[in-house]
Amino acid sequence: MINVIRRLYLNVRYIFFKTILPFPKIYSNVETLEKLISSNVSMARFGDGEFHMINQTENLGFQTVDDQLSQRLREILGSDTEGCLICVPYGLRSVQHLNPRGRFFWKQFIVFHYRKYIPYFNFAKPYYDACVTRPYIDWLDKSKSANFFEQLKQLWQGRRILLVEGQMSRLGVGNDLFGNATVVDRIITLSQNAFSVYDRLLAETIRFAANYDLVLVALGPTATVLAYDLSLAGIQALDIGHVDIEYEWFLKKATQKIAIEGKYVNEVAGETAELTSDDQRYKQQIISEIFTS
């Protein structure tokens, strides 16, 4: 009975806030992917974690509050640059495409948190969908996920890609996500508090980027900033956080978020990544390791 009352309260408040609060225009995940495929733009993504980091309301499991990081995220969210798509979750605009778990999450976010971040949006411009890299686990209709992943892979089809990731992420290891790229190399850095080595990470990525066609970044809020700054330097960079784990869940036909052996899954409580396999190919792809500033 208590849960029924809570959900009724949430739904009423959600409808109220959706009526009275301003929300930005957000292109769908399909429109976002079409834009990425048809152009050489970069992409910086905001999820709930990046929003919470803006106002320094809480530490994330992989990033503690940092004043400079918060300032950069506020700057990027309100920016208006043609070279980098600024992406926020489409769930802010509509939850109809989500399953009950996803709907509850974004309704709760809008009711209890969204108002704090309204001052940082640029309502004069459209945003794109941050969940373009999350086309599976929270979707109500999963029948289009396979096709969507195939289209995502077009972004690196026949290209030389440089992955910038945390040491426990291991994107594409054990699956064929990047099997259509001609070259896959990696810069490995801290899985936690990666922003503490940001200056060196940015400089090192720029140094190597000339040898690649595309930079892919998965580093939580640090990826948002890094992809944006790389775009300013004329380097195409995509913040693709969660895409590998979503792909793993898709391949396993998972119906809920589960741990993936050998990979860090921050959204699965109590699970840690155990790097059990000795993958020589993965080790050979590492061209730089950055663990100190």
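Rules used throughout
- Residues numbered from 1 in each chain as written.
- Predicted model: local features only at pLDDT ≥ 70, side-chain atom pairs only at ≥ 80, totals over all residues.
- Heavy atoms only, no water.
- Helix = DSSP H or I, 4+ residues; strand = E, 2+ residues; numbered from the N terminus.
- Rg over C-alpha atoms; globule rule 2.2 N^0.38 Å.
- Buried < 20%, exposed > 50% of the residue type's maximum accessible area, 1.4 Å probe, protein only.
- Areas by Shrake-Rupley, 256 points an atom, 1.4 Å probe, with all protein chains shown as cover.
- Expected span 1.5 Å × (residues − 1).
- Polar contact = N/O pair within 3.5 Å; in protein donor to acceptor, adjacent residues only side chain to side chain.
- Contact = heavy atoms within 4.5 Å.
- Pairing = 2+ DSSP bridges.
- Salt bridge = Lys/Arg side-chain N within 4 Å of Asp/Glu carboxyl O.
- Disulfide = S-S within 2.5 Å.

**Student:** Lay out the overall build of the protein with the relevant residues and their values.
**Tutor:** Of regular secondary structure, the protein possesses 10 helices and 8 strands. Over its C-alpha trace the protein gives a radius of gyration of 19 Å, about what one expects of a compact globule, namely 19 Å for 293 residues. Buried residues in the protein amount to 54% of all 293 residues. Total accessible area on the protein stands at roughly 13500 Å², and carbon and sulfur atoms take up 50% of it.

**Student:** Just give me the short version of helix H8 (residues 221-232), but keep the residues and values in it.
**Tutor:** In an α-helix, one turn spans 3.6 residues; hence positions three or four apart end up facing the same way. In a regular helix each residue adds 1.5 Å, so 12 residues correspond to 16 Å; H8 covers 17 Å between its end C-alpha atoms and thus fits that length. With 11 of 12 residues buried, H8 lies mostly within the body of the structure. If you check which residues of H8 are buried, you get Pro221, Thr222, Ala223, Thr224, Val225, Leu226, Ala227, Tyr228, Asp229, Leu230 and Ser231. Immediately beyond the C-terminal end of H8, within one or two residues, lies Gly234, with a positive phi of roughly 85 degrees.

**Student:** Got a sec to walk through the side chain of Asp239? Specific residues and values, please.
**Tutor:** Tracing the backbone shows Asp239 in strand S7 (residues 237-239). At a separation of 3.1 Å, a polar atom in the side chain of Asp239 contacts the main-chain amide nitrogen of Arg45. Within polar-contact distance, the side chain of Asp239 engages the backbone nitrogen of Gly241 at 3.4 Å. Apart from the residues within four sequence positions on either side, Asp239 is in contact with Met43, Ala44, Arg45, Thr133, Val217, Ala223, Thr224 and Ala227.

**Student:** Kindly report on the pairing of strand S1 (residues 42-45), identifying the contributing residues and their values.
**Tutor:** Side chains of S1 alternate between two faces, with Ser42 and Ala44 and Met43 and Arg45 buried alike. As paired elements, S1 and strand S2 (residues 84-88) share 4 bridges and run parallel to each other. Bridge assignment links Ser42 to a residue of S2, and that residue is Cys84.

**Student:** Now, about the pattern of salt bridges: what can you tell me, with residues and values included?
**Tutor:** A full pass over the atoms with the stated rule returns 15 salt bridges. The residue Lys263 makes a salt bridge to Asp244 at a minimum N-O spacing of 2.7 Å. Of the two residues, Lys263 sits in the loop between helix H9 (243-251) and helix H10 (280-285) while Asp244 sits in helix H9, which places them 19 residues apart along the sequence. The same class applies to Lys263 as to Asp244, namely buried. Ionic contacts of the salt-bridge type, sharing partners, join the residues Arg134, Glu246, Lys257 and Glu267 into one network.

**Student:** Let's hear about unusual backbone geometry: which residues, and what values?
**Tutor:** Trans peptide bonds make up the majority, and among non-glycine residues the majority have a negative phi. Of note, Arg170 is a non-glycine position whose phi angle comes to about 55 degrees, a positive value. As for its position among the elements, Arg170 is in the loop between strand S4 (160-166) and strand S5 (183-189). For Arg170, a relative accessible area of 4% puts it in the buried group. For Lys253, which is not a glycine, the phi torsion comes out positive at approximately 55 degrees.

**Student:** Account for the state of the cysteines, with residues named and values stated.
**Tutor:** Put plainly, two cysteines are in a disulfide when a covalent bond ties their sulfur atoms together. A full pass over the atoms with the stated rule returns 0 disulfides. Between Cys84, a cysteine without a disulfide, and Cys87, which holds the nearest cysteine sulfur, the sulfur-to-sulfur distance is 7.5 Å. Relative accessible area serves as the criterion here: at 3%, Cys84 is assigned to the buried category. Relative accessible area serves as the criterion here: at 0%, Cys87 is assigned to the buried category.

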